[in-house]
Amino acid sequence: MAVIPVDLAGRSYEVRVGHGLLDDTIVQAREFIEPYHSGGPSNRRKVPVVADRNARRLHGDRLSQSLTSGGYEIAWYDVEPGEGSKSWESLARLTDWLLAHGIERGDHVFALGGGVVGDLTGFACAILKRGCGFVQLPTTFLAQVDSSVGGKTAINTSAGKNLVGAFHQPSLVLADLDALATLPERELRAGYAEVLKYGVLGDSAFFEWLEQQGGQIILLEPKALEYAVATSVAAKARIVAEDEREMSGQRALLNLGHTFGHALEAETGFSERLLHGEAVALGMVLAARYSERRGHLSIDEAERVTRCVDAAGMMSDISALGLSCDGRTLVDHMRHDKKMAGGTLPFVLLRSIGAAFLAKDVILDDVAAFLDEQLQAH
Ligand code: GLY
């Protein structure tokens, strides 16, 4: 097992990455479970677990056996899979349920599933009685390497995704690598995009290792997988510890590939046509090529990023998406980005693999022209 500390004054916590952690929840998370044993109304004696319905079906028994072995029962709260559950209605239902369960400020709620459950539960816990604790039990690749760590929690509104939320850090993250064995291969590949991102943005040695070992990760080879997840989490933990609230620009580097990617997701209707990770992979290739166009990055390095995305079995050319729009339409999607400030949008670009920077002087018309070329080019 790898243990990665997220160092935040007074609110530090650990991300533990390893095999079989869900079976060991009673030991790993005992301090966050014990308060439920201390009596009170009978509903309060059960450990509250908010779970994606699929994650509960696939992993619920392991969690429940672990807790039962310590004499605890679970009060399950099921969440429908999908972004639709990150809504005001779901938030209201969940907070009502937690209040009815008698959650107190010192209590911890467990979130089992991917980013949707983590975000919804985290935000509910941020506002419940002005803040109670939560423990993340991420079961998707994307959630293990990205969304369960860092404390950003949010729901979607009719105006856009993640526009209402709070910074609220979990007290513990248990990333059980065994959970990844049940993921569809496409989802694994898409999650791998976020792993690749950490290499591209800040760690050229990790990127080189991924160039060699990427295939092993997608095949879930245990040692390679643990190293990849732990290294990704450590990279994120370092950045979050430096710039928890995205004030200094450090944390913004984690958005590498996301501005281009978000425009592609919006154009494809946030649908199965393009998964979030696939959009990030395409976005990273575009960020690398745009960096090259602006003279920051060598053609060679831009090609290495493209080859790594290719090798992971993801699309690396937007022309392959078959979009009928032009560059301007994609840029219009970017204009709704919550990072827009004073009419400009900061872009994460590359000086080399492992050296990302925030460019605040990007002209959106130039991006549109670049995208026109990319839409036709290959
Ligand atoms: N919860 C995801 C993040 O903080 O980045």
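For clarity, every value in this text was computed on a predicted model and none was experimentally measured.

Visitor: Please provide a residue-by-residue account of the site of the ligand, values included.
Guide: All residues in the neighbourhood of the ligand are listed as Ser147, Val149, Gly150, Gly151, Lys152, Lys236 and Arg251. In this structure, an oxygen atom belonging to the ligand sits 3.4 Å away from a main-chain N or O atom of Val149. Protein burial of the ligand: of its 200 Å² of free accessible surface, 88% is covered by the chains. Tallied by class, the residues present in the shell around the ligand amount to one nonpolar, three polar and three charged.

Visitor: Outline the packing of helix α13 (residues 327–335) against helix α14 (residues 364–377), listing residues and values.
Guide: Two quantities define a packed helix pair, namely the angle between the helix axes and the distance between the axes. In the contact formed by α13 and α14, the axes pass within 7 Å of each other and the chain directions differ by 135°. By the angle between their directions, the pair α13 and α14 is classed as oblique. The two elements α13 and α14 meet at a crossing, and its hand is right-handed. Packed against α13, whose contacting residues are Gly327, Arg328, Leu330, Val331, Met334 and Arg335, the element α14 presents Leu364, Asp365, Val367, Ala368, Leu371, Asp372 and Leu375 at the interface. Among the residues making up the contact of α13 with α14, the classes are represented as eight nonpolar, one polar and four charged.

Visitor: Outline the nonpolar core, listing residues and values.
Guide: Formed by 84 residues in total, the largest nonpolar core has its most connected members in Phe141, Tyr192, Phe260 and Leu371. In terms of residue count, helix α9 (residues 222–242) provides more of this core than any other element does, 10 residues in total. Excluding residues that lie within four positions of it along the chain, Leu371 makes contacts with Phe260, Leu286, Ile318, Gly327, Leu330, Val331 and Met334. Ranked by size, the runner-up nonpolar core spans 39 residues in total, among them Ile103, Phe110, Leu128 and Leu172.

Visitor: A description of the state of the cysteines should follow, citing residues and the corresponding values.
Guide: One pass over the full model with this rule turns up zero disulfides. Here Cys125 stays unpaired: no disulfide links it, and the sulfur of Cys132, its closest cysteine neighbor, is 3.7 Å away. A residue is classified by how much of its surface remains accessible, and Cys125, at 0% relative accessible area, is buried.

Visitor: Describe in detail the packing of helix α4 (residues 88–100) against helix α5 (residues 115–127), supporting the description with residues and values.
Guide: Where α4 meets α5, the closest approach of the two axes is 10 Å, and the angle between their N-to-C directions is 55°. The orientation of α4 relative to α5 falls into the category oblique. Helix-helix and strand crossings are classified by hand; for α4 and α5 the assignment is right-handed. Touching Ser90, Leu91, Leu94, Thr95 and Leu98 of α4 are Leu120, Thr121, Phe123, Ala124 and Ile127, all from α5.

Visitor: Which residues make up helix α8 (residues 204–218), and what values do they have?
Guide: The end-to-end C-alpha separation of α8 is 20 Å, in line with the 21 Å expected for 15 residues at 1.5 Å each. The sharpest bend along α8 measures roughly 65° and falls at Gln212. Listing the buried residues of α8 in full gives Phe206, Phe207, Leu210, Gly214, Ile217 and Ile218. Once α8 finishes, Leu220 follows within two positions and takes phi at roughly 60°, a positive value.

Cut-offs applied
Residues numbered from 1 in each chain as written. Predicted model: local features only at pLDDT ≥ 70, side-chain atom pairs only at ≥ 80, totals over all residues. Heavy atoms only, no water. Near = heavy atom within 4 Å. Polar contact = N/O pair within 3.5 Å; in protein donor to acceptor, adjacent residues only side chain to side chain. Areas by Shrake-Rupley, 256 points an atom, 1.4 Å probe, with all protein chains shown as cover. Nonpolar A, V, L, I, M, F, W, Y, C, P; charged D, E, K, R; others polar. Axes fitted to C-alpha atoms, helices over the stretch in contact; angles between N-to-C directions. Helix = DSSP H or I, 4+ residues; strand = E, 2+ residues; numbered from the N terminus. Parallel < 35°, antiparallel > 145°, perpendicular 65-115°, else oblique. Left-handed = near helix turned anticlockwise from the far one by under 90°. Contact = heavy atoms within 4.5 Å. Core = buried A, V, L, I, M, F, W, Y, C linked by side-chain atoms within 4.5 Å. Buried < 20%, exposed > 50% of the residue type's maximum accessible area, 1.4 Å probe, protein only. Disulfide = S-S within 2.5 Å. Expected span 1.5 Å × (residues − 1). Bend = angle between axes of the 7 residues up to and from the residue.

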